[in-house]
Amino acid sequence: MPPLETAGSRIRDTAPTAIPWFIYLAAIGVTGIPVGVLWDISWHSTIGRDTFWTPAHLCIHAGGLIPGLTCIALILRLTFWGTDREKAGAVRIWGFHGPLGAWVVVWGNLAMLTSAPFDDWWHDAYGLDVEIISPPHSVLALGMFGVALGVLLLVLACQNNIEESKQARASLLFNDVAGVLITMLAIMMTEETFPNQQHSGLFYGIIASTFPVYLALISRASKGNWGATRSAAIYMGIMAGALWILPLFRGQPMLAPIYSPVTHMVPPAFPLLLILPAALFDLLIQRFGKGRIPWWRVLLLAIPLGALFVGTMLPAQWHFSKFLISDSAQNRFFAGRAFYPYFSRPGPYQKEFWLRNRSAAQPKDIALAAGLGIAASAVGLGIGGWMTRVRR
């Protein structure tokens, strides 16, 4: 293995002039994961759990297998037919050579495949999922995030290595895959982010401790100026697409108890308005956070970022959630209370905020959320700075 500096020089010497086909294939394939998960949640909420071989499950695993097989082929090609220069720019594990992202994708794919028989056994033993985060789903989630993170690293290395005239297109692809990751995170937090929960301090603490990590790292690592905004728009587009398309198809419950006899596929709740803080993150990071900056500037920049995240999401979601649970939002566009599954009893609680015997978010809760947002922004800026140097 040559010294790092020499290897980096060799990578730059062989900088691609176009985005390789396998990057496009992996990026398209990984999109199947959040689409399949949203479809699967709708399937469970509309029909119940019948067999592992549902179209939604196949879509999820295709989203892992397409990038996984692509990366295995890439590793084999580099190992047995790659040039010395290509191998110098790869990561070597057990004698095999491959890009860092390809190794992460393969690991994630193995975890996803491991979860499949575990999930099937779990449903045979216990029936329907009571919560999204069951033990087999946790293994599946780790694998899905591994696949998506690996694809993101593949695209990132391409963006950082490709010749300057092609960086804009690679940056857009990086933002698209990052949007898929944001969607997966939002889906995992579904049970804490329903519109009825958006007046609680817990809701603001949860979103402030997670989403700023993604928005800050995307904005800083992206070669474009509006990376976080585009990724947030991709997230909202995937969620809104599921919200508008799924109810077009008929479906009915097949497993008791049936408290709400739905007739069409149940949609997800309306997405969070993440595009608002994302645009502010991009504006500030364009001005103060691009390129190599000292650690103390990272910490200083995290303060307004965390405050802005809470300062925009608090009024936006506070008032928007009031609208979503009202009768005015019960239409095809907003689908305000349409996310309740067939096994959920209708009742007044569907028009109320769920505060778990506590008052609505208080100043101390908002201050805590802002602190979490600052810490999360600092972490995101730090990871984003490292990402600008990823070349393998």
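Computed from a prediction, not measured in an experiment: that's the story for all the values here.

A. Representation of the overall build of the chain. Within the chain, the secondary structure is distributed over 14 helices and 2 strands. Expected size for 392 residues packed as a compact globule is a radius of gyration near 21 Å; at 22 Å, the chain falls within 12% of this value. Structurally, the chain occupies a C-alpha span of about 65 × 50 × 30 Å along its principal axes. Looking at the chain residue by residue over its 392 residues, the buried ones come to 54%.

B. Quick peek at the nonpolar core. Ranked by size, the top nonpolar core spans 101 residues in total, and within it Met144, Phe211, Leu274 and Phe309 carry the most contacts. Residues within four places of Met144 in sequence aside, it is in contact with Ile33, Val37, Ile60, Met112 and Met184.

C. Main features of the packing of helix H8 (residues 167-188) against helix H10 (residues 211-221). Here H8 crosses H10 at 175 degrees, and the two axes come no closer than 11 Å. In terms of axis orientation, H8 runs roughly antiparallel to H10. Listed contacts from H10 to Phe174, Asn175, Ala178, Leu181, Ile182, Leu185 and Ala186 of H8 are Phe211, Tyr214, Leu215, Ile218 and Ala221. Within the contact of H8 with H10, the residues separate by chemical class into 11 nonpolar, 1 polar and no charged.

D. Focus on the pattern of salt bridges. Scanning the model with the defined rule gives 4 salt bridges in all. The partner of Glu86 in a salt bridge is Arg77, and the shortest N-O contact between them spans 3.3 Å. By relative accessible area, which is 32% here, Glu86 ends up partly exposed. Here Arg77 falls in the partly exposed class, since its relative accessible area comes to 36%. Ionic pairing is found between Asp327 and Lys351, a salt bridge with its closest N-O pair at 3.5 Å. In this pair, Asp327 is assigned in the loop between helix H13 (295-324) and helix H14 (363-387) and Lys351 in the loop between H13 and H14, connecting sequence segments 24 residues apart. On the basis of relative accessibility, which here comes to 52%, the residue Asp327 falls in the exposed class. Judged by its relative accessible area of 47%, Lys351 falls in the partly exposed class.

E. Examining the packing of aromatic side chains more closely. Considering all chains together, one arrives at 19 aromatic pairs under this definition. For the pair Trp21 and Phe22, a centre-to-centre distance of 6.0 Å together with 85 degrees between the ring planes defines the contact as edge-to-face. Since its relative accessible area comes to 16%, Phe22 is described here as buried. Ring geometry for Tyr340 against Trp354: centres 6.5 Å apart, planes inclined by 65 degrees, an arrangement best described as edge-to-face. A residue pair is termed long-range when its members are at least 10 positions apart, and Tyr340 in the loop between H13 and H14 and Trp354 in the loop between H13 and H14 qualify at 14 residues.

F. Molecular detail of unusual backbone geometry. One non-glycine residue, Trp94, lies in positive phi territory at about 50 degrees. Take Trp94: it is sitting in the loop between strand S1 (91-93) and strand S2 (96-98). Unusually for a residue other than glycine, Ala335 sits at a positive phi of about 45 degrees. Mapped onto the secondary structure, Ala335 falls in the loop between H13 and H14.

G. Quick look at the packing of helix H3 (residues 32-46) against H8. At a minimum axis distance of 9 Å, the contact between H3 and H8 shows a crossing angle of 25 degrees. In terms of orientation, H3 and H8 fall into the roughly parallel class. For the pair H3 and H8, the sense of crossing is left-handed. Listed contacts from H8 to Ile33, Pro34, Val37, Leu38 and Ile41 of H3 are Val180, Thr183, Met184 and Ile187. Across the contact of H3 with H8, the residue classes break down as 8 nonpolar, 1 polar and no charged.

H. Highlighting the confidence of the model for the chain. Counting all residues, the mean pLDDT for the chain is 89, and 93% of those residues have values of 70 or more. Between residues 1-12, whose pLDDT stays under 50, and residues either more than four places distant or in other chains, the model counts 14 contacts.

I. Highlighting the environment of Pro363. Among the secondary structure elements, Pro363 is positioned in helix H14. Spatially, the C-alpha atoms of Pro363 and Gly201 are 9.1 Å apart, while their sequence positions differ by 162 residues.

J. Representation of the side chain of Gln350 within the structure. Its place among the elements puts Gln350 in the loop between H13 and H14. Those residues in contact with Gln350 that lie beyond four places of it in its chain are Asn196, Ile325, Arg337, Tyr340, Ser344 and Arg345.

K. Local environment of the side chain of Ser260. Among the secondary structure elements, Ser260 is positioned in the loop between helix H11 (227-245) and helix H12 (275-288). Its relative accessible area of 15% is what places Ser260 among the buried residues. For Ser260, the contacting residues outside a window of four places in its chain are Pro253, Pro341, Tyr342, Ser344 and Pro346.

L. Structural context of a nonpolar patch on the surface. A contiguous nonpolar surface patch, about 1,100 Å² in accessible area, is contributed by Leu65, Leu69, Ile72, Leu76, Phe80, Trp81, Ile93, Trp94, Phe96 and Leu113. Position of Phe96 relative to the elements: it lies in strand S2.

M. View of the environment of Phe203. For Phe203, the location among the structural elements is in helix H9 (residues 201-208). Along the primary structure Phe203 and Ala361 are separated by 158 residues, whereas in three dimensions their C-alpha atoms are 8.8 Å apart. Beyond its immediate sequence surroundings of up to four residues, Phe203 is in contact with Glu192, Thr193, Gln197, Gln198, Leu272 and Gln317.

Reading the values: the criteria
Residues numbered from 1 in each chain as written. Predicted model: local features only at pLDDT ≥ 70, side-chain atom pairs only at ≥ 80, totals over all residues. Heavy atoms only, no water. Helix = DSSP H or I, 4+ residues; strand = E, 2+ residues; numbered from the N terminus. Rg over C-alpha atoms; globule rule 2.2 N^0.38 Å. Buried < 20%, exposed > 50% of the residue type's maximum accessible area, 1.4 Å probe, protein only. Core = buried A, V, L, I, M, F, W, Y, C linked by side-chain atoms within 4.5 Å. Contact = heavy atoms within 4.5 Å. Axes fitted to C-alpha atoms, helices over the stretch in contact; angles between N-to-C directions. Parallel < 35°, antiparallel > 145°, perpendicular 65-115°, else oblique. Nonpolar A, V, L, I, M, F, W, Y, C, P; charged D, E, K, R; others polar. Salt bridge = Lys/Arg side-chain N within 4 Å of Asp/Glu carboxyl O. Phe/Tyr/Trp six-rings, centres within 6.5 Å; stacked < 30°, edge-to-face > 60°. Left-handed = near helix turned anticlockwise from the far one by under 90°. pLDDT = per-residue confidence, 0-100. Patch = residues over 30% accessible without salt bridge, like charges linked within 9 Å, V, L, I, M, F, W, Y side chains within 5 Å. Areas by Shrake-Rupley, 256 points an atom, 1.4 Å probe, with all protein chains shown as cover.

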